[in-house]
Amino acid sequence: MIRARAFDVPCRVAVEQSEAHFHAHVELAGNLTVEPGDKVRVHGEPIRVAFGQSAVFERTATVVRAGPLLRGWMRLVAYLGLTELYEVSFNPGSLR
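Residues numbered from 1 in each chain as written. Predicted model: local features only at pLDDT ≥ 70, side-chain atom pairs only at ≥ 80, totals over all residues. Heavy atoms only, no water.

(A) Inspection of the pattern of salt bridges at higher detail. The full count for this structure, using the stated rule, is four salt bridges. The closest approach of N and O atoms between Arg75 and Glu35, which form a salt bridge, is 3.4 Å. Note that Arg75 is positioned in helix H1 (residues 68-82) and Glu35 in the loop between strand S2 (22-28) and strand S3 (39-42), a separation of 40 residues in sequence. Its relative accessible area of 31% is what places Glu35 among the partly exposed residues. As a salt-bridge pair, Arg71 and Asp38 come within 3.1 Å of each other at their nearest N and O atoms. (Salt bridge = Lys/Arg side-chain N within 4 Å of Asp/Glu carboxyl O. Helix = DSSP H or I, 4+ residues; strand = E, 2+ residues; numbered from the N terminus. Buried < 20%, exposed > 50% of the residue type's maximum accessible area, 1.4 Å probe, protein only.)

Have a look at this one:
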């Protein structure tokens, strides 16, 4: 059985809640890239930001890397899910 590789890494969580923006972005230290199938869990107390404000928090995150089988499956599922965005038309006379 292939075991997932997990490790802890420092991260920065930027949160904003205003009329123009409502987001939470997580930046992993060392510019780590999250690939399909990977999991990231940010540790710490729940973050609360009052309306109209933004804040940045330093936290620790656990990254669990997907194995080759799961990564391949995620890529296949994402590719097949993309086909739902295609529009197919069967109007008469469209092929001449």
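(B) Geometry of the pairing of strand S1 (residues 5-17). Sheet topology note: the S1/strand S4 (residues 53-65) ladder contains 13 bridges and is antiparallel. By the bridge assignment for S4, Val15 is matched with Ala55. (Pairing = 2+ DSSP bridges.)

(C) Representation of the side chain of Asp38. Looking at where Asp38 falls in the secondary structure, it is placed in the loop between S2 and S3. A distance of 2.8 Å separates a polar side-chain atom of Asp38 from the backbone nitrogen of Ala66. A polar atom in the side chain of Asp38 sits 3.1 Å from the side chain of Arg71. Among all residues touching Asp38, those that are not within four sequence positions of it are Thr33, Val64, Arg65, Ala66 and Arg71. (Polar contact = N/O pair within 3.5 Å; in protein donor to acceptor, adjacent residues only side chain to side chain. Contact = heavy atoms within 4.5 Å.)

(D) Spotlight on the nonpolar core. Counting residues in hydrophobic clusters, the biggest one holds eight residues: Val9, Cys11, Val13, Val15, Leu28, Val49, Ala61 and Val63. Here this core takes four residues from S1, the largest share from any one element. Not counting residues within four places of it along the chain, the set of residues in contact with Leu28 comprises Val9, Pro10, Cys11, Val34, Val40, Ala61 and Val63. (Core = buried A, V, L, I, M, F, W, Y, C linked by side-chain atoms within 4.5 Å.)

(E) Expanded view of the sheet that holds S4. The sheet built from four strands is open, its strands ordered S2-S1-S4-S3 with antiparallel pairing. Strand pairing shows two members of the sheet lacking a second neighbour, S2 and S3, which therefore form its edges. Across the sheet, the axes of successive neighbouring strands diverge by a mean angle of 35 degrees, strand direction being ignored. For S1 and S2, the ladder comprises seven bridges, and the chain directions are antiparallel. For Cys11, the partnering residue across the bridge sits in S2 and is Leu28. (Axes fitted to C-alpha atoms, helices over the stretch in contact; angles between N-to-C directions.)

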